[in-house]
Amino acid sequence: MGIFNEFNKKEKPVFTGSRFGFGSGGGAAGGDGGDPASGPISASGGTKNPTSRSGYIVHTFQHPDTSSFTPDTSQTFTVTGGTGDIEILCVGGGGGGAHLGGGGGGGLIYKTGITIGPGTYPITVGAGGEHGTWNTPKPMGSPGGISRVHGLPIPGAAYGGGGGAQGSNNAPDPSAGLPGGAGGGGNAADGPHQGGGLGLNPSNPSIFPNFPLYEPGDTQGYNGGPGSPGSHLVGGGGGGSGSDGGPPPDGRGGNGTSNSITGSAVVYSGGGGGGTYGDNPGADRPQSAPASGTGGAGVVAHYPTNPGTAHRGGGGGGAGSNPGSGSPHGGGHGGPGIVIVAYPTS
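Residues numbered from 1 in each chain as written. Predicted model: local features only at pLDDT ≥ 70, side-chain atom pairs only at ≥ 80, totals over all residues. Heavy atoms only, no water.

Another point: the sheet that holds strand β1 (residues 42-44). An order of β1-β4-β7-β8-β9 is seen for the five strands of this open sheet, with the pairing classed as antiparallel. Each end of this open sheet is capped by a strand with a single partner; those strands are β1 and β9 (157-158). The sheet contact formed by β1 and strand β4 (residues 72-81) spans three bridges and is antiparallel. From the neighbouring strand, S42 faces β4, where its bridge partner is G81. (Pairing = 2+ DSSP bridges. Helix = DSSP H or I, 4+ residues; strand = E, 2+ residues; numbered from the N terminus.)

What follows deals with the environment of H333. Topologically, H333 is positioned in the loop between β11 (266-268) and β12 (338-344). By relative accessible area, H333 is classed as partly exposed at 30%. Once residues within four sequence positions are removed from consideration, H333 is found in contact with F69, G96, G129, E130, H131, P307, G308 and G316. (Buried < 20%, exposed > 50% of the residue type's maximum accessible area, 1.4 Å probe, protein only. Contact = heavy atoms within 4.5 Å.)

With that settled, the discussion passes to the packing of aromatic side chains. Inspection of the entire model under this criterion finds four aromatic pairs. When the ring of Y159 is compared with that of F211, the centres are 4.9 Å apart and the planes differ by 80 degrees; the resulting orientation is edge-to-face. Of this pair, Y159 sits in the loop between β9 and β10 (257-259) while F211 sits in the loop between β9 and β10, placing them 52 residues apart in sequence. Comparing Y159 with F211 shows no difference in burial state: the two are buried. Both rings, one in F208 and one in Y214, keep their centres 4.7 Å apart while their planes meet at 40 degrees; by these two values the pair is tilted. According to the relative accessible area criterion, F208 is partly exposed, its value standing at 22%. (Phe/Tyr/Trp six-rings, centres within 6.5 Å; stacked < 30°, edge-to-face > 60°.)

Our focus in this paragraph is the sheet that holds β12. Spatial strand order, β2-β3-β12-β5-β6: five strands in an open sheet with antiparallel pairing. Strands with a single pairing partner mark the edges of an open sheet, and in this sheet they are β2 (47-49) and β6 (108-116). Each strand of the sheet is rotated relative to its neighbour by a mean of 20 degrees, with strand direction disregarded. Across seven bridges, strand β3 (residues 56-62) lies against β12 in antiparallel orientation. When the sheet's bridge partners are listed, V58 is paired in β12 with A342. (Axes fitted to C-alpha atoms, helices over the stretch in contact; angles between N-to-C directions.)

Further remarks concern the side chain of H63. With respect to the secondary-structure elements, H63 resides in the loop between β3 and β4. At 3.1 Å, the side chain of H63 and the backbone oxygen of D65 are in polar contact. At 2.7 Å, the side chain of H63 forms a polar contact with the backbone oxygen of T70. Residues within four places of H63 in sequence aside, it is in contact with S68, T70, P71, D72, V125, G126, A127, H311 and P336. (Polar contact = N/O pair within 3.5 Å; in protein donor to acceptor, adjacent residues only side chain to side chain.)

Right, let's get into the environment of G156. The topology assignment puts G156 in the loop between β8 (147-149) and β9. Of the residues examined, G156 reaches a relative accessible area of 2% and is grouped as buried. For the pair formed by G156 and Y214, sequence separation is 58 residues and the distance between their alpha carbons is 8.4 Å. Ignoring any residue separated from it by four or fewer positions in sequence, one finds G156 in contact with I88, C90, I109, S147, R148 and V149.

Right, let's get into the nonpolar core. Within the largest apolar cluster, 21 residues are counted, with the highest numbers of intra-cluster contacts made by F77, I86, I116 and V149. If you list the elements that add at least two residues to this core, you get β3, β4, β5 (84-91), β6, β7 (119-125) and β12. If we skip the residues at most four places from it in the chain, V149 touches I88, C90, Y121, P122, I123, P155, G156, V339 and V341. In terms of nonpolar packing, the next biggest core, distinct from the first, is built from 10 residues, V58, Y268, I338 and A342 among them. (Core = buried A, V, L, I, M, F, W, Y, C linked by side-chain atoms within 4.5 Å.)

Moving on to the pairing of β4. For β4 and β7, the ladder comprises six bridges, and the chain directions are antiparallel. By the bridge assignment, T78 is partnered in β7 with T120.

Inspection of every chain in the model, using the stated rule, returns three salt bridges. When the shortest N-O distance is used, the salt bridge between K111 and E215 registers 3.1 Å. Of the two residues, K111 sits in strand β6 while E215 sits in the loop between β9 and β10, which places them 104 residues apart along the sequence. On the basis of relative accessible area, K111 is assigned to the buried category, the value being 17%. Among the charged side chains, a salt-bridge network with shared partners connects K111, E215 and D218. (Salt bridge = Lys/Arg side-chain N within 4 Å of Asp/Glu carboxyl O.)

Set out below in structure tokens:
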């Protein structure tokens with residue numbers, strides 16, 4: 001299992017209080033007025049906003065350190081009274097970009113009609129994946145972290161995006177993009193190594209064993225694009241939650257997905273664009289800006305590339321290099337994910 005172990009540990013649900021209305025002295029919603037499980041939900045945790053969405057209260061959980069590569073597990077969603085249905089949006093951390101291959105966007109799940117009652121529900125917010133470097137110690141981009149609400153009657157887990165693939169034939173470790181919520185972009189090596197990583201959706205059952213909290217039937221994200229081993233070496237774009245990453249010559253990152261759980265439309269989990277070798281050593285321009293705008297853009301030349309958007313699970317952009325202008329740089333870090341919970345005010 002290797003690199004997936006830290007992201008795939010199954011955790012037992014946390015049950016406290018009269019969860020789901022079945023605790024001591026509890027009952028279904030609509031019981032007597034002394035029952036804390038009756039009536040509308042009352043809760044705390046994260047940033048609580050009662051006004052951004054008409055008729056709903058919204059709790060937002062963000063990673064407190066956008067530069068960290070360690071998932072945040074310090075927050076909780078605590079229901080102190082009431083039983084009712086909630087909505088959740090979970091976006092995993094974006095995958096790190098590498099030299100050429102763009103990082104995949106974090107996996108996205110949006111669920112409605114989840115009935116809960118009083119109790120404490122721990123929150124995990126996935127960090128963005130670390131970028132890959134040109135050589136040792138870590139040429140590949142790292143996967144983003146998992147985001148989830150623990151203790152729900154559904155899996156409720158969004159996996160991080162796959163890391164981008166590194167380099168070309170002369171790279172230390174040529175390999176395909178990594179699988180994840182959305183797959184990382186491929187590199188520009190000859191042969192099988194240029195392929196993009198697979199994303200978590202019903203078309204890719206071969207990767208399901210590596211992601212045990214994946215709920216069959218969900219589409220968390222799409223595949224990374226392949227790289228090109230031709231005369232213009234271009235890395236594949238990382239997949240997004242809305243579409244596959246693009247192949248050369250543009251290597252665009254895959255589209256993200258718009259969601260309005262907060263009351264406003266926001267696009268999450270776009271893939272990072274693939275980088276390319278360039279002939280302008282001063283260039284630091286977008287080579288393959290994702291259409292979603294949430295993934296990092298790949299760059300031409302050898303300057304550091306762009307990170308994925310924080311709190312949206314954007315994939316890190318792939319870096320480029322110019323053969324005559326110094327050592328290539330690593331890709332962009334992935335953006336941390338997010339967890340959002342919403343429920344009716346009455």
